[in-house]
Amino acid sequence: MTDIENQRAGFAAIIGAPNAGKSTLVNRLTGSKVSIVTQKVQTTRFPVRGIAMEGDAQIVLVDTPGIFTPRRRLDRAMVASAWGGAEDADIVVHLIDAQSHINADGREGTAADRRSAEDTETIIANLQATGTKVVLALNKIDGMRRDTLLALSQTLFESGVYSEVYMISAANGDGVEDLKQRLALSMPKGPWLYPEDQAADVPVRVLAAEITREKVYLRVHEELPYSAAVETTSFEDRPDGSARIEQTIYVERESQRPIVLGKGGQTLKWIGQKAREELNEILGRQVHLFLTVKVDPKWQDSRALYAQFGLDFDV
């Protein structure tokens, strides 16, 4: 237990284009699974707070949704949430997928690489406009040449928005400890905001919905673009100590329902089983999980879903 007089606590926001590796970095810093990580971009829909401990410092990580050019109401709410998280933080880290950023200019660059580079330019322009200085973290550096990385950081530094740079691999942990120590130094003096053993500040109903949504994407990410949401409709503590959770998986079109159900309901069964196993572990008790699939072409306009994720419906 640390001496209360030496305690420091504050907020660190991690911003970046979708798929820069923000959730992986938060999970690495906290040493536990806080944000869901899938191969789909845009899986974080609200600022999940992970809590990392470093010496006497408690770092509350605001894992913002990826910042991109918004096209729909949900997009606008997510981007507004990301910038809101950054404005309220004691330190901001701009995470960039280094390899993807370099690929964007070359022949081997994919459409996703170019989109990611455009989103990074949008973020830099916004930081320039607001006069915000942030820490640059170049991610996914595994196997990259040092001179390539130095040239990239030089180019990015010329934008005038970065105070320093860290080269990291969130996936294998390279350089992450140095970044963590830097975040700890930025935390203002003051008592810790959370108990020492707490890793996340996410309402349990939301966490349960996010875990199930992760399983949906892991199983049907090829067939189902971003047109599914999960809402925890009931969370009941049972007398025997177990929890009974009911959730609705929303899809936008009737043709998407059989994709989530699978032949003879096998896909939905797999999703339920995997989500239940993880919830048992995270909540430390038996979970009875009941899933239903509903078609609602307007789920993106549901105020209740936005409220569940702490997003502003009226952005």
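Not measured: the values here are computed from a predicted model. (Residues numbered from 1 in each chain as written. Predicted model: local features only at pLDDT ≥ 70, side-chain atom pairs only at ≥ 80, totals over all residues. Heavy atoms only, no water.)

Undergrad: Help me understand the overall build of the protein in this model?
TA: Per the secondary structure count, the protein includes 10 helices and 9 strands. The buried share among the 315 residues of the protein stands at 51%. Contacts in the protein between residues at least 24 apart in sequence constitute 71% of all its contacts with a sequence separation of at least 6. Carbon and sulfur atoms provide 49% of the accessible area of the protein, an area that totals close to 14,600 Å². (Helix = DSSP H or I, 4+ residues; strand = E, 2+ residues; numbered from the N terminus. Buried < 20%, exposed > 50% of the residue type's maximum accessible area, 1.4 Å probe, protein only. Contact = heavy atoms within 4.5 Å. Areas by Shrake-Rupley, 256 points an atom, 1.4 Å probe, with all protein chains shown as cover.)

Undergrad: Explanation requested: helix H4 (residues 111-130) in the structure shown.
TA: What sets the pattern is the α-helix's 3.6 residues per turn: residues three or four places apart point alike. The end-to-end C-alpha distance of H4, which contains 20 residues, comes to 29 Å, matching closely the 28 Å that a straight helix rising 1.5 Å per residue would cover. Regarding H4, the residues found buried are Asp113, Ser116, Ala117, Asp119, Thr120, Ile123, Ile124 and Leu127. Angularly, the buried residues of H4 cover 160 degrees about the axis, an arc narrow enough to put them on a single face. For H4, exposure combined with an orientation more than 90 degrees from the buried face picks out Glu118 and Ala129. At the C-terminal side of H4, Gly131 shows a positive phi close to 65 degrees. (Expected span 1.5 Å × (residues − 1). Arc of directions from axis to C-beta.)

Undergrad: Looking at this structure, how should I read unusual backbone geometry?
TA: In terms of backbone geometry, most residues other than glycine have negative phi values and most peptide bonds are trans. One non-glycine residue, Lys140, adopts positive backbone phi at about 60 degrees. Along the chain, the position of Lys140 falls in the loop between strand E5 (134-139) and helix H5 (146-157). Overall, Lys140 belongs to the partly exposed group, its relative accessible area being 31%.

Undergrad: How should I be thinking about the packing of aromatic side chains in this particular structure?
TA: Scanning the model with the defined rule gives 1 aromatic pair in all. Here Phe157 and Tyr162 contribute two aromatic rings whose centre-to-centre distance is 6.1 Å and whose plane-to-plane angle is 50 degrees, an arrangement assigned as tilted. Classification of Phe157 by relative accessible area gives partly exposed; the value is 29%. (Phe/Tyr/Trp six-rings, centres within 6.5 Å; stacked < 30°, edge-to-face > 60°.)

Undergrad: Would you take a moment to explain the pattern of salt bridges for this structure?
TA: When their charged atoms lie close together, side chains carrying opposite charge are able to pair. Under the definition given, this model contains 9 salt bridges. With a shortest N-O distance of 2.7 Å, Arg145 and Asp147 are connected by a salt bridge. Under the relative-accessibility criterion, Asp147 is labelled partly exposed at 43%. Salt bridges here are not isolated pairs; linked through shared partners, they connect Glu214, Lys215 and Glu278. (Salt bridge = Lys/Arg side-chain N within 4 Å of Asp/Glu carboxyl O.)

Undergrad: I'm lost on the packing of helix H1 (residues 22-30) against helix H6 (residues 176-185) in this one. Help?
TA: Helix packing geometry: the angle between the two helix axes and the distance between the axes. At their nearest, the axes of H1 and H6 sit 11 Å apart, and the two run at 80 degrees to each other. One way to sum up the angle between H1 and H6 is to call them roughly perpendicular. Touching Leu25, Arg28 and Leu29 of H1 are Val176, Leu179, Lys180 and Leu183, all from H6. Across the contact of H1 with H6, the residue classes tally to 5 nonpolar, no polar and 2 charged. (Axes fitted to C-alpha atoms, helices over the stretch in contact; angles between N-to-C directions. Parallel < 35°, antiparallel > 145°, perpendicular 65-115°, else oblique. Nonpolar A, V, L, I, M, F, W, Y, C, P; charged D, E, K, R; others polar.)

Undergrad: Got a minute to help me understand the environment of Leu149 in this structure?
TA: Mapped onto the fold, Leu149 is located in helix H5. Spatially, the C-alpha atoms of Leu149 and Ala98 are 7.5 Å apart, while their sequence positions differ by 51 residues. Not counting residues up to four positions away in its chain, the partners in contact with Leu149 are Ala98, Leu138, Ile141, Met144 and Met167.

Undergrad: Would you mind showing me how to read the sheet that holds strand E7 (residues 228-237) here?
TA: Neighbouring strands of a sheet are bound in pairs by backbone hydrogen bonds; such pairs are parallel or else antiparallel. Read from one edge to the other, the open sheet built from 3 strands follows the order E7-E8-E9, with strand pairing classed as mixed. The strands lining the two open edges of the sheet, one partner per strand, are E7 and strand E9 (287-295). Taken over all neighbouring pairs, the strand axes of this sheet differ in orientation by 20 degrees on average, direction set aside. Looking at chain direction, strand E8 (residues 243-251) and E9 are connected through 9 bridges and run parallel. Residue Tyr250 lies in a different strand from E9, and its bridge partner there is Lys294. (Pairing = 2+ DSSP bridges.)

Undergrad: When you look at the pairing of E5 in this model, what are you seeing that I'm missing?
TA: Regular strands show a simple pattern: their side chains alternate between the two faces of the sheet. Most of E5 is tucked away, with 6 of its 6 residues classed as buried. Alignment of E5 against strand E6 (residues 162-167), held across 5 bridges, turns out to be parallel. By the bridge assignment, Val134 is partnered in E6 with Tyr162.

Undergrad: Just to check I follow, could you spell out the environment of Lys269 for this structure?
TA: Structurally, Lys269 is set in helix H9 (residues 266-283). Classification of Lys269 as exposed rests on a relative accessible area of 56%.

Honestly, that's just the spatial picture; any functional story needs more than this.
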